[in-house]
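Spelled out from the first residue to the last, the chains are:
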Amino acid sequence: MTDSRFAWSAGLATVTTQGTTLDAWFPSPLLGRRPDDRDPWIAPAELAKLTGTDERRGVELRFVNIEIDLNKAPASTEDAYLRLHLLSHCLVEPNTINLDGIFGLLPNIAWTTSGPMLPEDYAARLPELKRAGITAVGLDKFPRLTDYVVPRGVRIADSSRVRLGAHLAPGTTVMHEGFVNFNAGTLGASMVEGRISQGVVVGDGSDIGGGASIMGTLSGGGSQRITIGERALLGANSGIGISIGNDSVVEAGLYVTAGTKVLLPKGTVGDAGSDGEPVEVKAVDLSGLPNLLFRRNSRTGAVEAIPRAGSGIVLNAALHA
């Protein structure tokens with residue numbers, strides 16, 4: 001029986017002349033323990049032929065073969081990259097493996113058209129690199145997803161807006177202004193035209209509208225993991241700091257944080273408003289509840305949550321085939 005709390009893979013690591021590991025590519029990561037008949041020191045032919053030095057960038061491509069415990073915090077740059085690969089190969093879902101301390105294991109990189117470099121090395125070698133037609137496309141700890149993984153059955157209009165470690169289920173479309181962070185993504189066919197922050201997962205059949213934003217847990221100090229249910233819609237330029245249940249809608253332009261005061265009409269949730277008068281609650285009290293429409297009353301300006309009947313949105317099947 002496979003122990004899915006372990007993972008292993010053979011791959012290639014990029015190492016500077018000073019011995020700093022910049023990245024690691026694992027083309028075929030697997031869950032479970034490494035088989036006893038796989039010698040971790042012998043590179044398969046398809047990887048062995050790719051090893052060697054790149055004098056232009058001052059780096060060496062080295063064969064690596066590692067096994068990791070997914071319950072423990074990552075212990076090296078190679079370990080961290082294998083976890084990101086597992087997410088982007090859809091072998092594990094966001095928020096299910098230990099990523100504690102991952103930022104400290106990922107150096108800031110000059111991502112060039114020929115591979116990673118330390119920013120200071122890129123600056124020092126810039127004249128020679130320009131003559132070789134090599135230029136930097138970003139300075140970041142995380143690379144583009146598509147430089148390492150080509151997810152199955154997915155469309156990504158602008159690959160610079162999806163980080164390695166994003167989990168994109170088959171049928172997902174990420175449009176030009178869509179963004180998906182690491183340890184976040186979709187669990188089924190979805191339309192992404194807004195921002196999916198770290199830790200956020202989006203259910204099957206949902207639509208994150210143009211300019212919509214979902215609060216994550218990296219910058220604000222919050223601990224609540226936000227989920228978007230199935231067949232849900234975040235309208236254009238809307239935003240949420242709470243979870244949205246199945247078949248729910250957030251009106252275009254409305255931002256609902258955990259502390260937003262929301263009016264509920266009679267009988268919306270349990271006995272709320274049973275006396276005929278609207279009841280005011282915090283939005284966090286509605287987190288994850290299905291079949292709600294969050295809207296702003298155009299006359300009073302109050303945020304309201306109105307019950308919705310039946311199923312939610314239906315994506316255009318031709319766009320997500």
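Everything numeric in this text was worked out from a predicted model, so none of it was measured. (Residues numbered from 1 in each chain as written. Predicted model: local features only at pLDDT ≥ 70, side-chain atom pairs only at ≥ 80, totals over all residues. Heavy atoms only, no water.)

> Quick question: what am I supposed to make of the domain arrangement of the chain here?
It is common to give the size of an interface as the accessible area that goes away when the parts come together. What the domain assignment lists for the chain is domain 1 (3–102) and domain 2 (145–319). Of note, the centres of domain 1 and domain 2, computed from C-alpha atoms alone, are 33 Å apart. Across the boundary between the two partners, domain 1 contributes 16 residues, which contact 17 residues of domain 2. Summing both partners gives a buried area of about 1,300 Å² for domain 1 against domain 2, and 64% of it is carried by carbon and sulfur. Considering only the side of domain 1, the residues that lose the most area to domain 2 are Ser88, Pro94 and Asn95, jointly responsible for 41% of the buried surface there. Where domain 1 packs against domain 2, one counts zero salt bridges. Here domain 1 is connected to domain 2 by seven residue pairs in polar contact (both at pLDDT 80 or more). (Domains from an automatic or database assignment. Contact = heavy atoms within 4.5 Å. Buried area = accessible area lost by both parts, 1.4 Å probe. Salt bridge = Lys/Arg side-chain N within 4 Å of Asp/Glu carboxyl O. Polar contact = N/O pair within 3.5 Å; in protein donor to acceptor, adjacent residues only side chain to side chain.)

> What am I meant to see in the UniProt feature "active site" (unreviewed entry) in the chain here?
Look at the UniProt record and you will see "active site" (unreviewed entry) annotated at Glu193. When near neighbours in sequence (up to four residues on either side) are disregarded, Glu193 contacts Met175, Glu177, Gly178, Asp207, Ile208, Gly209, Gly210 and Gly211. (UniProt positions renumbered as here; feature names shortened; annotations may be inferred.)

> Explain unusual backbone geometry here, please?
Apart from glycine, the bulk of residues carry a negative phi angle, and the bulk of peptide bonds sit in the trans form. At Asn183, a position not held by glycine, the phi torsion is positive, near 55°. Take Asn183: it is sitting in the loop between β12 (179–180) and β13 (184–186). (Helix = DSSP H or I, 4+ residues; strand = E, 2+ residues; numbered from the N terminus.)

> I keep staring at the pairing of strand β6 (residues 109–112) and nothing clicks. Help me out?
Each regular strand carries side chains that alternate between the two faces of the sheet. Neither face of β6 is open: one carries Ile109 and Trp111, the other Ala110 and Thr112, and all of them are buried. Across three bridges, β6 lies against strand β7 (residues 115–117) in antiparallel orientation. Note on β7: the bridge partner recorded for Ala110 is Met117. In textbook terms, the turn of a hairpin is the stretch between consecutive antiparallel strands, and for β6 and β7 this stretch comprises two residues. (Buried < 20%, exposed > 50% of the residue type's maximum accessible area, 1.4 Å probe, protein only. Pairing = 2+ DSSP bridges.)

> Could you clarify how one ought to interpret the pattern of salt bridges in this entry?
Side chains bearing opposite charge may pair, as long as their charged atoms lie close to each other. Evaluated as defined, the whole model comprises ten salt bridges. Across the salt bridge formed by Asp79 and Arg83, the nearest N and O atoms sit 2.5 Å from each other. One end of the pair, Asp79, and the other, Arg83, are both in helix α2 (residues 77–88), four residues apart, so they sit about a helical turn from each other. Comparing Asp79 with Arg83 shows no difference in burial state: the two are buried.

> Even after reading the chapter, I still don't get the pairing of strand β27 (residues 303–307), so can you show me in this structure?
The buried fraction of β27 amounts to four of the five residues, a majority that puts the element mostly inside the structure. As paired elements, strand β26 (residues 292–296) and β27 share five bridges and run antiparallel to each other. Following the sheet pairing, Arg295 is matched in β27 by Glu304. Here β26 folds back onto β27 in antiparallel fashion, the turn holding six residues, of which Gly301 has a positive phi close to 80°.

> Where do I start with the sheet that holds strand β23 (residues 255–256) in this structure?
Think of a sheet as strands paired side by side through backbone hydrogen bonds, with each pair either parallel or antiparallel. Within the open sheet, the five strands sit side by side as β12-β15-β18-β21-β23. Their pairing is parallel. Of all the strands in the sheet, the pair left with one neighbour each is β12 and β23. Relative to strand β18 (residues 213–214), strand β15 (residues 195–196) is paired through two bridges, and the arrangement is parallel. Following the sheet pairing, Ile196 is matched in β18 by Ile214.

> For this particular structure, what's the right way to read the sheet that holds strand β10 (residues 166–167)?
The strand order across the open sheet built from four strands is β10-β13-β16-β19, with neighbouring strands paired in parallel fashion. Both outer strands of the open sheet, β10 and β19 (227–228), are each paired with one neighbouring strand and no more. Sheet topology places β10 next to β13; two bridges connect them, and they run parallel. If you follow Ala166 over to β13, its bridge partner there is Ala184.

> It is not clear to me how the environment of Leu99 should be interpreted in this structure. Could you clarify?
Checked against the element boundaries, Leu99 lands in the loop between α2 and α3 (102–105). By relative accessible area, which is 11% here, Leu99 ends up buried. As for Leu99 and Asn71, which are separated by 28 residues in sequence, their C-alpha atoms are 9.0 Å apart. Look past the residues within four positions of Leu99 in its chain and what remains in contact with it is Pro74, Arg83, Leu87, Phe182 and Asn183.

> What should I look at first to understand the packing of aromatic side chains in this one?
Centre distance and the angle of the planes are the two values used to describe a pair of aromatic rings. All told, the structure shown has four aromatic pairs when counted by the stated rule. Ring geometry for Tyr81 versus Tyr148: centroids 6.0 Å apart, planes at 45°, classification tilted. Separated by 67 residues along the polypeptide, Tyr81 in helix α2 and Tyr148 in the loop between β8 (136–140) and β9 (155–156) bring together distant segments of the chain. Ring centres 5.8 Å apart and planes at 75° place the aromatic pair Phe103 and Phe182 in the edge-to-face group. Pair noted here: Phe103 is in helix α3 and Phe182 is in the loop between β12 and β13, with a separation of 79 residues, a long-range link. Assessed through its relative accessible area of 33%, Phe103 is described here as partly exposed. Members of the aromatic cluster, joined through ring pairs, are Phe103, Phe142 and Phe182. (Phe/Tyr/Trp six-rings, centres within 6.5 Å; stacked < 30°, edge-to-face > 60°.)

> Help me understand the nonpolar core in this model?
Across soluble globular proteins, nonpolar side chains show a tendency to be buried alongside one another. With 64 residues, the main nonpolar core has Ile214, Ile228, Leu234, Ile244 and Phe294 as its most contacted residues. When residues in this core are grouped by element, the largest group, six residues, is from α2. Looking at this core, you find at least three residues from each of domain 1 (3–102) and domain 2 (145–319). Leave out the neighbours within four places in its chain, and Phe294 touches Ile242, Ile244, Val249, Val250, Glu251, Leu254, Val256, Leu286, Glu304 and Ala305. (Core = buried A, V, L, I, M, F, W, Y, C linked by side-chain atoms within 4.5 Å.)

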